[in-house]
Amino acid sequence: MLRMDRVCFVRLCNLLKNLGGLTNSKHVRIREKVAMFFTVLVHHTKNMDCLGVIDRTHIDVQVPTIDKARYKNRKG
């Protein structure tokens, strides 16, 4: 269950679709992708570790050497 108003959630999904280019995939619709993304953010204890975006795009980041272990994702 998301703690977000349904109208707000639908508007967000529409913005991600129209402005962000998010699309339905073969098995997962946009609303499901957004809900899963929020669920991961809410339940993850260190939200700053989230490098992958909901459309499977990975963002190249440069972090201090001391923090590199915290920013490692499944692609290295």
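Residues numbered from 1 in each chain as written. Predicted model: local features only at pLDDT ≥ 70, side-chain atom pairs only at ≥ 80, totals over all residues. Heavy atoms only, no water.

**Here we look at the overall build of the protein chain**
Okay, so step 1: Tallying secondary structure elements over the protein chain gives two helices and zero strands in all.
Okay, so step 2: Put simply, of all contacts in the protein chain between residues at least 6 apart along the chain, 21% involve residues at least 24 apart. (Helix = DSSP H or I, 4+ residues; strand = E, 2+ residues; numbered from the N terminus. Contact = heavy atoms within 4.5 Å.)

**Side note on the nonpolar core**
Okay, so step 1: Residues Phe 9, Cys 13, Leu 22, Ile 30 and Val 34 constitute the largest nonpolar core, which totals five residues.
Okay, so step 2: Mapped by element, the contributors of at least two residues to this core are α1 (6–18) and α2 (30–43).
Okay, so step 3: Leave out the neighbours within four places in its chain, and Ile 30 touches Cys 13, Lys 17, Leu 22, Thr 23 and Asn 24. (Core = buried A, V, L, I, M, F, W, Y, C linked by side-chain atoms within 4.5 Å. Buried < 20%, exposed > 50% of the residue type's maximum accessible area, 1.4 Å probe, protein only.)

**A few points about the packing of aromatic side chains**
Okay, so step 1: Considering all chains together, one arrives at one aromatic pair under this definition.
Okay, so step 2: For the ring pair Phe 37 and Phe 38, a centre distance of 6.2 Å and an interplane angle of 50 degrees mean the geometry is tilted.
Okay, so step 3: Relative accessible area serves as the criterion here: at 22%, Phe 38 is assigned to the partly exposed category. (Phe/Tyr/Trp six-rings, centres within 6.5 Å; stacked < 30°, edge-to-face > 60°.)

**Things to note about the state of the cysteines**
Okay, so step 1: Within this structure, the stated rule accounts for zero disulfides.
Okay, so step 2: Left unpaired, Cys 8 is separated from the closest cysteine sulfur, that of Cys 13, by 9.6 Å.
Okay, so step 3: With relative accessibility at 40%, the residue Cys 8 sits in the partly exposed group. (Disulfide = S-S within 2.5 Å.)

**Here's the deal with the environment of Phe 38**
Okay, so step 1: Relative to the helices and strands, Phe 38 is located in helix α2.
Okay, so step 2: Separated by 35 residues in sequence, Phe 38 and Arg 3 have C-alpha atoms that sit 9.9 Å apart.

**Observations concerning α1**
Owing to its 3.6 residues per turn, the α-helix brings residues three or four apart onto one side.
Okay, so step 1: Between its terminal C-alpha atoms α1 stretches 18 Å, which fits the 18 Å expected from 13 residues at 1.5 Å a residue.
Okay, so step 2: In this structure Asp 5 caps α1, since a side-chain oxygen of it lies 3.2 Å from the backbone nitrogen of Val 7. (Expected span 1.5 Å × (residues − 1). Polar contact = N/O pair within 3.5 Å; in protein donor to acceptor, adjacent residues only side chain to side chain.)

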